[in-house]
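Okay, here's what each chain looks like letter by letter:
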Amino acid sequence: MVGGYWGLVLAGGLGAGAFDGDADTGAGVADEGGGYGGLLAAAGLGGVPAPVVLSLLVAIAWFGSLTGSVLIDAFPGPVGRTVLGTAVLFGALGAAWTCTRMLVPPLRRVFRDAPAPSRRDFVGRVCVIRTGRVGTGFGQAEVTSEDGSAALVQVRVPGSDLAAGGLAFGDTALIFDYDPADEVFLVMPYDAPPDPGAS
């Protein structure tokens with residue numbers, strides 16, 4: 001069952017979160033909402049996507065019951081087998097929960113949510129002016145993000161820097177702040193250091 005599920009996920013026929021009843025399963029530990037995420041968090045198994053936790057539970061329980069069934073077959077008598085079968089069932093479930101709980105803490109670090117990208121990530125980066133001029137109410141610049149993608153952003157120059165000469169097309173500037181009210185970046189003139197590899 002577990003192999004079939006992950007096979008469908010790898011084949012693209014099923015989303016990895018198809019049985020992830022709570023989309024927040026990977027975020028919190030104690031404050032999970034409802035669904036599978038809340039149930040798993042209450043069992044001390046939160047913080048990891050539900051399909052991963054359920055796969056571990058099923059696989060370990062299956063292995064435990066398979067091992068126990070081999071021992072039961074060697075035991076004579078139907079009454080003894082029934083008692084041992086019940087013990088193996090609960091033992092396999094207990095072992096699955098215990099082993100999975102031991103595996104969840106390191107897995108939480110693997111599935112920890114990365115912080116969402118923010119416009120403030122551009123603060124501190126150097127940009128290149130792409131408009132003829134930049135003023136207190138006009139200007140655009142191209143900035144390259146950490147992943148290498150380029151973005152055209154609205155930039156403004158404070159009045160003091162504007163009086164010192166301002167910025168023009170092709171100039172480099174340093175983004176030193178972000179104004180969320182106007183959704184613009186504040187920039188100042190910046191002379192990029194020479195490329196040591198350039199001849």
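The rules we used
Residues numbered from 1 in each chain as written. Predicted model: local features only at pLDDT ≥ 70, side-chain atom pairs only at ≥ 80, totals over all residues. Heavy atoms only, no water. Helix = DSSP H or I, 4+ residues; strand = E, 2+ residues; numbered from the N terminus. Buried < 20%, exposed > 50% of the residue type's maximum accessible area, 1.4 Å probe, protein only. Contact = heavy atoms within 4.5 Å. Pairing = 2+ DSSP bridges. Axes fitted to C-alpha atoms, helices over the stretch in contact; angles between N-to-C directions. Left-handed = near helix turned anticlockwise from the far one by under 90°. Nonpolar A, V, L, I, M, F, W, Y, C, P; charged D, E, K, R; others polar. Phe/Tyr/Trp six-rings, centres within 6.5 Å; stacked < 30°, edge-to-face > 60°. Salt bridge = Lys/Arg side-chain N within 4 Å of Asp/Glu carboxyl O.

**A word on the overall build of the protein chain**
Here comes step 1: Counting its regular elements, the protein chain contains five helices and seven strands.
Here comes step 2: Starting at the N terminus, the α and β elements of the protein chain follow one another as α-α-α-α-β-β-β-β-α-β-β-β.
Here comes step 3: Out of the 199 residues belonging to the protein chain, those deemed buried represent 27%.
Here comes step 4: A separation threshold of at least 6 residues defines the contact pool for the protein chain, and within that pool the share at least 24 residues apart is 48%.

**Comments concerning the sheet that holds strand 4 (residues 150-156)**
Here comes step 1: With respect to topology, five strands assemble into a closed barrel ordered 1-3-4-7-6, the strand pairing being mixed. Here the average twist between neighbouring strands, direction ignored, is 55°.
Here comes step 2: Summarising the sheet, strand 4 and strand 7 (residues 184-189) pair through two bridges and their orientation is parallel. Opposite Arg156, over in strand 7, you have Leu186 as the bridge partner.

**Focus on the pairing of strand 3 (residues 140-144)**
Here comes step 1: Residue alternation in strand 3 divides its side chains into a buried set, Ala141 and Val143, and an unburied set, Gln140, Glu142 and Thr144.
Here comes step 2: Across five bridges, the pairing between strand 3 and strand 4 is antiparallel. Bridging across to strand 4, Val143 finds its partner in Ala151.
Here comes step 3: Where strand 3 folds back onto strand 4 in an antiparallel hairpin, the turn is made up of five residues, including Gly148, whose phi is positive at roughly 95°.

**A word on unusual backbone geometry**
Here comes step 1: Although it is not a glycine, Glu183 adopts a positive phi angle of roughly 55°.
Here comes step 2: Tracing the backbone through its elements, the reader meets Glu183 in the loop between strand 6 (172-179) and strand 7.

**Observations regarding the packing of helix 3 (residues 50-73) against helix 4 (residues 78-110)**
Here comes step 1: Packing of helix 3 against helix 4 leaves a shortest axis separation of 8 Å and a crossing angle of 145°. Here helix 3 and helix 4 pass one another in a crossing that is right-handed.
Here comes step 2: Considering only residue class, the contact of helix 3 with helix 4 consists of 18 nonpolar, six polar and two charged.

**A look at the packing of aromatic side chains**
Here comes step 1: As enumerated under the stated definition, the model contains two aromatic pairs in all.
Here comes step 2: When the centroid spacing of 5.8 Å and the interplanar angle of 65° are considered together, the rings of Phe122 and Phe185 count as edge-to-face. One end of the pair, Phe122, is in the loop between helix 4 and strand 1 (126-129); the other, Phe185, is in strand 7, and 63 residues separate them in sequence.
Here comes step 3: Both rings, one in Tyr178 and one in Phe185, keep their centres 4.8 Å apart while their planes meet at 45°; by these two values the pair is tilted. Pair check on accessibility: Tyr178 and Phe185 agree, each one buried.
Here comes step 4: Grouping aromatic residues by their ring pairs yields a cluster made of Phe122, Tyr178 and Phe185.

**Quick notes on the side chain of Thr100**
Here comes step 1: Its place among the elements puts Thr100 in helix 4.
Here comes step 2: Sequence-distant contacts of Thr100, defined by excluding residues within four places in its chain, comprise Leu45, Val53, Leu56, Leu57 and Ile60.

**Some remarks on the pattern of salt bridges**
Here comes step 1: Throughout the structure, instances matching the rule amount to three salt bridges.
Here comes step 2: Residue Glu183 is joined to Arg119 by a salt bridge in which the shortest nitrogen-to-oxygen separation is 3.8 Å. Residue Glu183 is located in the loop between strand 6 and strand 7, and its partner Arg119 is located in the loop between helix 4 and strand 1; the two are separated by 64 residues in the primary sequence.
Here comes step 3: Exposure remark for Arg119: the relative accessible area of 45% places this residue in the partly exposed category.
Here comes step 4: Put simply, Asp177 and Arg120 hold a salt bridge, and the shortest N to O gap is 3.8 Å.

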